[in-house]
Amino acid sequence: DRGMKFLSDNQAADGSWGEGGYRGNVAVTSLAALAFMAGGHQPGRGRYGKSVEKAIDYVIGRESADTRGYLFHKSGNSFGAMYGHGFGTLLLGEAYGMAAKKESQKRIRDTLERAVKLIETSQNHEGGWRYDPRPTAADVSVTICQIMALRSARNAGLQVNKAVVDKCTTYVKKCQNLDGDGGFNYMASGRNSSAFARSAAGVVALYCAGIYEGKEIDNGLRYLQGFKPGANVRPLQFGARGGMMMQDMHYYYGQYYAVQAMWTAGGKFWQEWFPAIREELLARSRTTGDGAWTDTTVCTSYATAMALIILQIPNNYLPIMQK
């Protein structure tokens, strides 16, 4: 409750979120709106329904005039723009069936269709995506954002090219260290560079592509189990020079995908993981009493949104996470 009040109090007049270099960032704005929706606040309905509505309008309004379907705000940190596009498309896919007004539904769908098309046409020859909407390079971190957005759009009733999904599946599998620990490399060409955040993203990418069983899933989940919240983590996950700073750098991103992996896996995976991450996040919340979580790499709104989504997954309100 305090976390959502913090986000509500810190939403900009134009409907966006983000501080410092991330002011107006499409990804941060979309995640904040999803955090409200994870608590049952739908566009125009619920205590924070107006905040969600304003965020959706903001994201739709960021569609590039030069590249149709591209959801991007250059002044909201231009690095890794396809992260913003992926999370923005995910927000529209989740919100489409919740919009109360027909004109809002049409506006969301029209933008969503163009956003999906851009994802499909910017997939590279390996089957993944990179920082910009060009089919050149790929990495598993950006790729999960795009395949999750496509899954959300498909769940909402939009047509998604199956060949794109199949190529993505092939790419993600190539990123996994099947001969080693079961973790995932940053890129398909990487070797022996498994790490927690990218491995959580890899497992969820396979889930979003419709792969729920198999050695890739089993090995990925086994790898993630070595990083249970509150337990001692493997020091090599961050590399010789990274130290524990790398955990903080990707902490919320990694936990966001890890909790989804455990939620989908269910059973013992979920029963052991969620209480641990719940208590860890409660301990990490700021002691100032303002309800926020802090991330020095991105911004406070980002960390707060991620923490709220994680804590509210048992609500089962977001379509993308429903069993």
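Residues numbered from 1 in each chain as written. Predicted model: local features only at pLDDT ≥ 70, side-chain atom pairs only at ≥ 80, totals over all residues. Heavy atoms only, no water.

(A) Local environment of the overall build of the protein. When helices and strands are tallied, the protein shows 14 helices and zero strands. Starting at the N terminus and walking to the C terminus, you meet the elements of the protein as α-α-α-α-α-α-α-α-α-α-α-α-α-α. Against the 2.2 N^0.38 benchmark of 20 Å for 323 residues, the protein shows a C-alpha radius of gyration of 18 Å, consistent with a compact globule. Along the first, second and third principal axes, the C-alpha set of the protein runs to 50 × 45 × 35 Å. Residue burial in the protein is summarised as follows: out of 323 residues, 54% are buried. Looking at the protein alone, contacts between residues at least 24 apart form 66% of all its contacts between residues at least 6 apart. Computing the positive centroid from 37 side-chain charges and the negative centroid from 28, the protein places the two 2 Å apart. (Helix = DSSP H or I, 4+ residues; strand = E, 2+ residues; numbered from the N terminus. Rg over C-alpha atoms; globule rule 2.2 N^0.38 Å. Buried < 20%, exposed > 50% of the residue type's maximum accessible area, 1.4 Å probe, protein only. Contact = heavy atoms within 4.5 Å. Lys, Arg positive; Asp, Glu negative; His and termini not counted. Charge placed at Lys NZ, Arg CZ, Asp CG, Glu CD.)

(B) Seen up close, the pattern of salt bridges. Using the criterion set out here, one finds 13 salt bridges in the structure. Several salt bridges converge on common partners, so that one network encompasses K50, E53 and K101. (Salt bridge = Lys/Arg side-chain N within 4 Å of Asp/Glu carboxyl O.)

(C) Structural detail: unusual backbone geometry. For N316, which is not a glycine, the phi torsion comes out positive at approximately 65 degrees. Looking at where N316 falls in the secondary structure, it is placed in the segment after helix 14 (300-311).

(D) Fine view of the state of the cysteines. One pass over the full model with this rule turns up zero disulfides. Looking at C145, it has no disulfide partner, and the nearest cysteine sulfur is the one in C208, 10 Å off. The class of C145 is buried, set by a relative accessible area of 2%. With relative accessibility at 10%, the residue C208 sits in the buried group. (Disulfide = S-S within 2.5 Å.)

(E) Structural detail: the environment of G157. Residue placement: G157 occurs in the loop between helix 6 (140-155) and helix 7 (162-174). The spacing of G157 and Y58 is 99 residues in sequence and 23 Å in space, taken between C-alpha atoms.

(F) Focus on the packing of aromatic side chains. Per the stated rule, a full pass over the model turns up 15 aromatic pairs. Taking 5.1 Å as the distance between ring centres and 55 degrees as the angle between the ring planes, the aromatic pair formed by Y223 and F227 counts as tilted. Residue class for F227 comes out buried when judged on its relative accessible area of 3%. Pairing Y253 with Y257 gives two aromatic rings, centres 4.9 Å apart and planes at 75 degrees, and the pair type is edge-to-face. Taken as a pair, Y253 and Y257 lie in helix 12 (residues 251-265) at a separation of four residues, close to a single helical turn. Y253 sits in the buried class, given a relative accessible area of 10%. Y257 gets classed as buried once you look at its relative accessible area, which sits at 0%. Through a chain of ring-to-ring contacts, three or more aromatic side chains come together here, namely Y83, F87, Y131, Y253, Y256 and Y257. (Phe/Tyr/Trp six-rings, centres within 6.5 Å; stacked < 30°, edge-to-face > 60°.)

(G) Fine view of the packing of helix 2 (residues 26-37) against helix 4 (residues 81-96). Packing of helix 2 against helix 4 brings their axes to within 7 Å, and their N-to-C directions diverge by 30 degrees. Compared by their axis directions, helix 2 and helix 4 come out roughly parallel. Seen along the crossing, helix 2 lies across helix 4 with a hand that is left-handed. On helix 4, the residues that touch V26, A27, S30, L31, A33, L34 and M37 of helix 2 are Y83, G84, F87, G88, L90, L91, E94 and A95. Of the residues in the contact of helix 2 with helix 4, the class split is 11 nonpolar, three polar and one charged. (Axes fitted to C-alpha atoms, helices over the stretch in contact; angles between N-to-C directions. Parallel < 35°, antiparallel > 145°, perpendicular 65-115°, else oblique. Left-handed = near helix turned anticlockwise from the far one by under 90°. Nonpolar A, V, L, I, M, F, W, Y, C, P; charged D, E, K, R; others polar.)

(H) Representation of the confidence of the model for the protein in the model. Per-chain confidence: the protein averages 91 in pLDDT, with 92% of residues scoring 70 or above. Predicted confidence is poor over residues 232-246, with pLDDT under 50, and the contacts of this stretch with residues over four places away or in other chains come to 18 contacts. (pLDDT = per-residue confidence, 0-100.)

(I) Here's a closer look at the side chain of S51. With respect to the helices and strands, S51 occurs in helix 3 (residues 49-61). When its relative accessible area of 10% is taken as the criterion, S51 is described as buried. Discounting residues that sit within four places of it in the chain, S51 has contacts with S8, Q11, W17 and F36.

(J) Geometry of helix 3. Between the first and last C-alpha of helix 3 there are 18 Å, a value that for 13 residues agrees with the 18 Å anticipated at 1.5 Å per step. If you check which residues of helix 3 are buried, you get G49, S51, V52, E53, A55, I56, Y58, V59 and I60. Tucked into the core, helix 3 has its buried residues touching helix 1 (2-9), helix 2, helix 4 and helix 5 (102-121). (Expected span 1.5 Å × (residues − 1).)

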